[in-house]
Amino acid sequence: QVPVVESGGGLVQAGGSLRLSCRASGSIASIKTMGWFRQAPGKQREAVAIDSTGENRNYADSVKGRFTISRDNDKNMVYLQMNSLKPEDTAVYYCRSITYGGLGYWGQGTQVTVSS
């Protein structure tokens, strides 16, 4: 098990910013892939931003240019900086990790609500 815990969600007005944090109990240098997913009410969970080995980053089209995923291996943290937030960004955001052994773990989720 590589537990991951998210924090940083909250209520923000449209156009504002939030930074989500995900803390891993073990070294994230040993984790091949970390990413952020979100699930809005009545919708399927979707990938938002994926970081593989700290080298390759992929973003959903809906957040490109607004969201940035980053790693801090020394602190065993991954972040999602969210700028220019829109009401449609409202969702529960989940941290996801995939080990080199192919095991996946979900965080508990953190609520992001963007008011209009």
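Heads up: the structure comes first, above all this text.
Residues numbered from 1 in each chain as written. Predicted model: local features only at pLDDT ≥ 70, side-chain atom pairs only at ≥ 80, totals over all residues. Heavy atoms only, no water.

*Asks:* Kindly report on the pattern of salt bridges, identifying the contributing residues and their values.
*Replies:* Going through the model one piece at a time under the given rule, you end up with six salt bridges. As a salt-bridge pair, Asp-51 and Arg-57 come within 3.8 Å of each other at their nearest N and O atoms. On the accessibility criterion, Asp-51 (0% relative accessible area) is buried. Taking relative accessible area as the criterion, Arg-57 reaches 40% and is therefore assigned partly exposed. Residue Lys-64 is joined to Asp-61 by a salt bridge in which the shortest nitrogen-to-oxygen separation is 3.3 Å. Each member of the pair, Lys-64 together with Asp-61, is exposed. (Salt bridge = Lys/Arg side-chain N within 4 Å of Asp/Glu carboxyl O. Buried < 20%, exposed > 50% of the residue type's maximum accessible area, 1.4 Å probe, protein only.)

*Asks:* I'd like to hear about the packing of aromatic side chains, residue by residue, with values.
*Replies:* Evaluation of the coordinates by the stated rule reveals two aromatic pairs. Ring plane angle 75° and centroid distance 5.0 Å describe the contact between Phe-37 and Trp-106, whose orientation is recorded as edge-to-face. On the criterion of sequence distance, the pair formed by Phe-37 in strand E4 (residues 31–39) and Trp-106 in strand E10 (residues 104–106) is long-range, its members being 69 residues apart. Judged by centre distance (6.3 Å) and plane angle (80°), the rings of Tyr-94 and Trp-106 are edge-to-face. Taken as a pair, Tyr-94 in strand E9 (residues 91–99) and Trp-106 in strand E10 lie far apart in primary sequence, twelve residues in all. (Phe/Tyr/Trp six-rings, centres within 6.5 Å; stacked < 30°, edge-to-face > 60°. Helix = DSSP H or I, 4+ residues; strand = E, 2+ residues; numbered from the N terminus.)

*Asks:* Hey, could you go over the nonpolar core for me, with residue numbers and the actual values?
*Replies:* Grouped together as the largest cluster of nonpolar side chains are 25 residues, with contacts concentrated most on Trp-36, Phe-67, Leu-80, Met-82 and Tyr-93. Mapped by element, the contributors of at least two residues to this core are strand E3 (18–24), E4, strand E5 (46–52), strand E7 (67–72), strand E8 (77–82), E9 and strand E11 (110–115). Residue contributions to this core peak at four residues, all from E3. (Core = buried A, V, L, I, M, F, W, Y, C linked by side-chain atoms within 4.5 Å.)

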